[in-house]
Amino acid sequence: MEEEILNEENNKYNIVVKDRFGDLEIDAPNPVNPNPHDNGDCPEPKLTTTQIEDMPPPIPVSIQSPHITRPPKQPGPALGPYYQFLTTDLNRMLWFGSALILRNISYDQPEIEFFCEPKLDFNWEILYDNLFNMRIYRINISIELRDGKGDDIIRWKMNWGDHITDGLFHIARYNQNWRGGFFSCNGFDSTVPDDIRTDLTFGTVWEHLNSIHEETPLHILIWGGDQTYVDFMFEDVPYLKEWVDMEWNQKWTCDFRDDLKEQIEQYHFNSYIQNWERPEVKNALASIPSIMMWDDHDIFDGAGSYPPLLHDSPMMTGLFKCAQKMRLLFQHHTTAEKARVHGLFGYQGYNSLTQCGPDLVIIGTDGRTERDTNIVHHPESWNMIFDKLENDIINIKHLIVVFPVPFSFVRFKLAENIFDHIKKFPNRFRNVPPIKQTNSIFGLPELYDDLLDEWTNASHIDERNRELIRFQKFAERKRIRITFFSGDVHCCGISRFKKRQQDDLLPINDSKLMYQVISSAIVNKPPSRQILFVAHYVRTKWYPVEETVEELIDFFQRLPETGRKVRHKKLMSNRNWCYFEICEEDHSTVYKNITIGCLQRVFKSKQKHIPAVKLGPTSSHDGHGSAKSPIHIHSHNRSCSHRKEVGQDDIGTHTLKIRLWLESGGKHTEGRKFVSYELLIPNLI
């Protein structure tokens, strides 16, 4: 009977879906879901009288992090507040945000009080009356945006009925320069061995971020994707564990059952709460209003980057729909029904625009909801993004565009071609032992989806280049400096676009100058340095569109562990996070002193307008703060090759300062656990 149904679908859509061995073709439309409306368009399951097996009881996975269990445990009766920043309205002089509150349904609605000098209004909204025995509230908050410099401190107290919690967060006044943080990859994926997870721990880098926040309060924290890792659900959920081992044709045509849907939703629900309630994360969520944009591990590894048979299968669309529901709740304090009212926009996806005072705007791009093997964003979503930029922002200095996957990164064309050829093998050949050992749980090479995720993949580079040109035209017309923030790749570095062959063009006047900041991961295991060494020996400079050069820059001059010079300066594999702030700088013109024999002469730098990079401060020996001196102090005497000063031609008058904080891969000679590297990005004049 099942064979007849497949043949009927074949005839209906005039497609061949099987190879010569009888296995479904991986690049053909899925026979039971051949034309889905979106990534969550899951066919209705057939009625069944069987029941799936319950999940096993939770077990702690790490002595250092005993609150992390597999599967994730049920939540406590009172959770939150978790704060989100929405935008500032400069016409009405208001700051807007929200707080997410979860309370067991057996309790009444808690009470919240705010204590601050500016006027503050709030109201309660119920998102879910009963979701896994929790009533879920959104508190909509508006605060007077006062003139002047400095911060306003917003204190809060929550009366839960049986206990009280309290805390505070900071908001920037109208003329205050904004300070923020950015990170990605807040967990370990299923490929990381248990002993590595125990050695690295979940909280080390987070604790440093929190210590910087205590030292210099952050106004905003951008979560750049992989906020939670649900990779283990394929081992923890009994039905999914069985599904992974199903025969090929059955695997990609079987129903996404209703009882499985409830189990998967609860797995996501419990995973978010378990991660949000980690002490170091809970502290940040309660004291730094956040902006979030998801990535694949918030769904499943490689979500969206699979051929049609897999991508449109009932199981993958069903898993996606569950992840989307929980992503909207925990990352955006909303539901699918209310998301547009709450300010998220897109053709099918959920993008965001956030105004941070008069000088800074942040666009968060949803790179998963519309993704398939051919596109990342639907053309209509791109149009909506640029319509928002054209119509909703006026006279800002800096635009940060959050792409969870780097907009500029190394190309791996040889590997792309190899894995694409393997993908096209008949399923029977992909299961030959030497190849099968390198496959993911979805039957494709483990790195296939990672490479297809990249903007620089052959499948997506044309879309990227088209939109790069639009960003360039927008920057030129509006005189706004654009910077890209991304994570995903488990390493850190800086890439750059700029105008080609115009040495006399000042950085402050180059509308094509756009930096790509890569910060990943705050928790996950970094790759070995040997792997990143390879990236330094492939091409790292390109000419993607007219009059534009793109390159990974030499950003890291010294090793974080020893302070010694490094040979490979473009990418580092240490765990990290990124601090940023708008600031005003005033230095003299760029010069470099060059020693020739015994004579000292002063020349203008032959390489004009090199990136304004320098070594930043370091943490204390216990991994806190930024009070210690840089990893290396340049003497700037006659023998020092690093004699340069940075001027306004290079950094402008309203600079975006980037400070990448790297965890030392080993014990630093002076006991410092975190080392920083700085980049100054000029405004556009």
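In every chain, residue numbers begin from 1 and rise along the written sequence. Predicted model: local features are reported for residues with pLDDT of at least 70 only, side-chain atom pairs are reported and counted for 80 or more only, and whole-chain, interface and lining totals are derived from all residues. To get the side-chain values, take all heavy atoms of the structure and skip hydrogens and water.

The name an unreviewed UniProt entry assigns to the protein is PhoD-like phosphatase domain-containing protein, from the organism Adineta steineri.

Undergrad: Honestly, the pattern of salt bridges in this entry has me stumped. Any pointers?
TA: Salt bridges, as used here, are contacts in which a Lys or Arg side-chain nitrogen is within 4 Å of a carboxyl oxygen on Asp or Glu. A complete count under the given rule lists 39 salt bridges for this structure. Notably, a salt bridge pairs Asp-420 with Lys-423, separated by 3.4 Å at the nearest N-O pair. Placement of the pair is Asp-420 and Lys-423 together in helix 12 (residues 413-423), with a separation of 3 residues, close to one helical turn. Relative accessible area decides the class of each residue, using a 1.4 Å probe on protein chains only: under 20% of the type maximum gives buried, over 50% gives exposed, and in between gives partly exposed. Judged by relative accessible area, which is 26%, Asp-420 ranks as partly exposed. In this structure Lys-423 comes out as buried when scored by relative accessible area, which is 7%. The network of salt bridges with common partners includes Asp-27, Asp-420, Lys-423 and Lys-424. Here a strand is any run of E in DSSP of at least two residues, a helix any run of H or I of at least four, and the numbering for each starts at the N terminus.

Undergrad: Is there a simple way to think about the packing of aromatic side chains in this case?
TA: In this description, a pair of aromatic rings is defined by centroid distance and the angle of the planes. Centres within 6.5 Å are what make two rings of Phe, Tyr or Trp a pair, Trp counting through its six-membered ring; a difference in plane orientation under 30 degrees is then read as stacked, over 60 as edge-to-face, and the rest as tilted. Using the criterion set out here, one finds 45 aromatic pairs in the structure. Consider the rings of Trp-248 and Trp-252, whose centres lie 5.9 Å apart with planes at 75°: the pair is edge-to-face. Across the pair, exposure class does not vary: Trp-248 and Trp-252 are buried alike. Ring geometry for Phe-407 and Phe-471: centres 6.2 Å apart, planes at 90°, overall edge-to-face. Of the two residues, Phe-407 is situated in the loop between strand 15 (398-402) and helix 12 and Phe-471 in helix 16 (residues 461-478); the sequence distance between them amounts to 64 residues. Taking relative accessible area as the criterion, Phe-471 reaches 1% and is therefore assigned buried. Taken together, the ring pairs in this structure connect Phe-132, Phe-183, Trp-206, Trp-223, Phe-269, Tyr-272, Trp-276 and Phe-330 into an aromatic cluster. Should the NZ of a Lys or the CZ of an Arg lie within 6 Å of a ring centre and within 35 degrees of the ring normal, that charge is described as sitting over the ring. Lying across the ring of Trp-243, Lys-251 places its NZ or CZ 5.2 Å from the centre.

Undergrad: Even after reading the chapter, I still don't get the UniProt feature "domain: PhoD-like phosphatase" (unreviewed entry) in the protein, so can you show me in this structure?
TA: Per the UniProt record, the feature "domain: PhoD-like phosphatase" (unreviewed entry) sits at residues 171-422 and 440-587. In residues 171-422, the share of helix is 43% and the share of strand is 12%. The end C-alpha atoms are 52 Å apart. UniProt positions are given in the numbering used here, feature names are shortened, and annotations may be inferred rather than shown by experiment.

Undergrad: Before we go on, may I ask you to explain unusual backbone geometry in this structure?
TA: Trans peptide bonds make up most of the peptide bonds, and negative phi angles are found at most residues other than glycine. With omega at 0°, the peptide bond leading from Gly-80 into Pro-81 counts as cis. Its location among the elements puts Pro-81 in strand 3 (residues 78-89). Ser-520 connects to Ala-521 through a cis peptide bond whose omega is 10°. Structurally, the position occupied by Ala-521 is in the loop between strand 18 (514-518) and helix 17 (529-536). At Cys-185, a residue that is not glycine, the phi angle is positive and equals roughly 65°. Residue His-333 is not a glycine yet carries a positive backbone phi of 55°. Mapped onto the elements, His-333 comes out in the loop between helix 10 (314-332) and strand 13 (352-356). The buried category is assigned to His-333, whose relative accessible area is 2%.

Undergrad: Even after reading the chapter, I still don't get the packing of helix 3 (residues 204-215) against helix 8 (residues 279-287), so can you show me in this structure?
TA: The geometry of a pair of packed helices is captured by two quantities: the angle between their axes and the separation between those axes. Axis lines are fitted to C-alpha atoms, over the contacting stretch for helices. Their N-to-C directions set the angle, which ranges from 0 to 180 degrees. Interaxial distance between helix 3 and helix 8 falls to 9 Å at its minimum, and their mutual angle equals 35°. Helix 8 is crossed by helix 3, and the crossing has left-handed handedness. Of helix 8, the residues touching helix 3 (which contributes Trp-206, Glu-207, Asn-210 and His-213) are Glu-280, Val-281, Asn-283, Ala-284 and Ser-287. Polarity classes work like this: nonpolar for Ala, Val, Leu, Ile, Met, Phe, Trp, Tyr, Cys and Pro, charged for Asp, Glu, Lys and Arg, and polar for all others, with Gly in that last group. Residue composition of the contact of helix 3 with helix 8, grouped by class: 3 nonpolar, 4 polar and 2 charged. Each helix crossing is assigned a hand: it is left-handed if the near helix lies turned anticlockwise from the far helix by less than a right angle, otherwise right-handed if that turn is clockwise. Any two residues whose heavy atoms approach within 4.5 Å at even a single point are treated as in contact.

Undergrad: Help me understand helix 10 in this model?
TA: Between its first and last C-alpha, helix 10 extends 26 Å over 19 residues, near the 27 Å set by a 1.5 Å rise per residue. The buried fraction of helix 10 is high, at 17 of 19 residues. Once helix 10 finishes, His-333 follows within two positions and takes phi at roughly 55°, a positive value. Each helix should span, by expectation, one fewer than its residue count multiplied by 1.5 Å.

Undergrad: Even after reading the chapter, I still don't get the nonpolar core, so can you show me in this structure?
TA: Side chains that are nonpolar tend, in soluble globular proteins, to be buried together. By convention a nonpolar core is built from buried Ala, Val, Leu, Ile, Met, Phe, Trp, Tyr and Cys residues, the set being connected through side-chain atoms within 4.5 Å. Membership of the largest hydrophobic core comes to 99 residues, with the highest contact counts inside it found for Met-233, Phe-300 and Leu-310. Sorting elements by how many residues they give to this core places helix 10 first, with 6 residues. Once residues lying within four places of it in the same chain are set aside, the contact partners of Leu-310 are Ile-26, Trp-248, Trp-252, Met-316, Phe-442 and Leu-444. Within the second largest apolar cluster, 41 residues are counted, among which are Leu-100, Tyr-128, Met-326 and Trp-661.

Undergrad: Just checking my understanding: could you explain the sheet that holds strand 5 (residues 111-115) for this structure?
TA: Paired through backbone hydrogen bonds, the strands of a sheet run either parallel or antiparallel to each other. Here we have 3 strands laid out as an open sheet, ordered 5-8-9, and antiparallel in their pairing. Bordering the open sheet on either side are strand 5 and strand 9 (164-172), each of which pairs with just one other strand. The mean inter-strand angle of the sheet, taken between neighbouring strand axes irrespective of direction, is 20°. Here a strand pair is declared whenever DSSP counts at least two bridges between the two strands. Where strand 5 and strand 8 (residues 151-159) come together, 5 bridges link them in antiparallel fashion. Residue pairing in the sheet places Ile-112 in a bridge with Met-158 of strand 8.

Undergrad: For this particular structure, what's the right way to read the environment of Pro-75?
TA: On the secondary structure map, Pro-75 appears in the loop between strand 2 (69-70) and strand 3. Pro-75 sits in the buried class, given a relative accessible area of 19%. With 246 residues separating them along the chain, Pro-75 and Lys-321 place their C-alpha atoms 22 Å apart. Not counting residues within four places of it along the chain, the set of residues in contact with Pro-75 comprises Phe-269, Asn-270 and Ile-273.

Undergrad: Please explain the side chain of Gln-348 as it appears in this structure.
TA: Summarising the element assignment, Gln-348 is placed in the loop between helix 10 and strand 13. Residue classification places Gln-348 among the buried positions, given a relative accessible area of 17%. Among the polar contacts listed, one links the side chain of Gln-348 to the backbone oxygen of His-37, at a separation of 2.8 Å. Excluding its chain neighbours within four sequence positions, the residues that come into contact with Gln-348 are His-37, Asp-38, Arg-340, Thr-369, Glu-370 and Ser-381. Polar contacts, as used here, are pairs of N or O atoms within 3.5 Å; protein pairs need one atom able to donate a hydrogen and one able to accept it. Residues neighboring in sequence count only if both atoms are side-chain atoms.

Undergrad: I keep staring at a negative patch on the surface and nothing clicks. Help me out?
TA: Judged by side-chain charge, Glu-53, Asp-54, Glu-242 and Asp-245 come together as a negatively charged surface patch. Note that Asp-54 resides in the loop between helix 1 (2-13) and strand 1 (59-60). Like charges within 9 Å and nonpolar side chains (Val, Leu, Ile, Met, Phe, Trp, Tyr) within 5 Å are joined into patches, using only residues over 30% in relative accessible area that form no salt bridge. Per-residue and other accessible areas were derived by the Shrake-Rupley procedure at a 1.4 Å probe size, with only the shown protein chains allowed to occlude residues. Under the counting rule used here, the positive set is Lys and Arg, the negative set is Asp and Glu, and His together with the chain ends is not counted. One atom stands in for each charge, and that atom is NZ of Lys, CZ of Arg, CG of Asp or CD of Glu.

Undergrad: Looking at this structure, I do not really get the pairing of strand 3. What am I missing?
TA: Put simply, side chains in a regular strand alternate between the two faces of the sheet. Of all 12 residues in strand 3, 9 are buried; the element is thus mostly enclosed. From the end of strand 3 to the start of strand 4 (residues 94-104), which pair antiparallel, there are 4 residues, and Met-93 there has a positive phi angle of about 55°.

Undergrad: Can you walk me through the confidence of the model for the protein in this structure?
TA: Low-confidence regions, as indicated by low pLDDT, have predicted coordinates that should not be scrutinised in detail. Confidence of the predictor at the level of single residues is given by pLDDT, which spans 0 to 100. Scored by pLDDT, the protein comes out at a mean of 90, with 90% of its residues at no less than 70. Below pLDDT 50 for its whole length, residues 9-13 participates in 5 contacts with residues either more than four positions away or in separate chains. In the predicted structure, residues 587-606 sits below a pLDDT of 50 and forms 39 contacts with residues beyond four places in sequence or in another chain.

Undergrad: Hey, could you run me through the state of the cysteines in this one?
TA: Linking two cysteines covalently through their sulfur atoms gives a disulfide. Our working definition of a disulfide is a cysteine sulfur pair at a distance within 2.5 Å. For the coordinates displayed, the defined rule picks out 0 disulfides. Counting only cysteine sulfurs, Cys-42 is the nearest neighbor of Cys-322, a cysteine outside any disulfide, at a range of 8.3 Å. The class of Cys-322 is buried, set by a relative accessible area of 1%. In this structure Cys-583 is not part of a disulfide, and its nearest cysteine sulfur, from Cys-578, lies 13 Å away.

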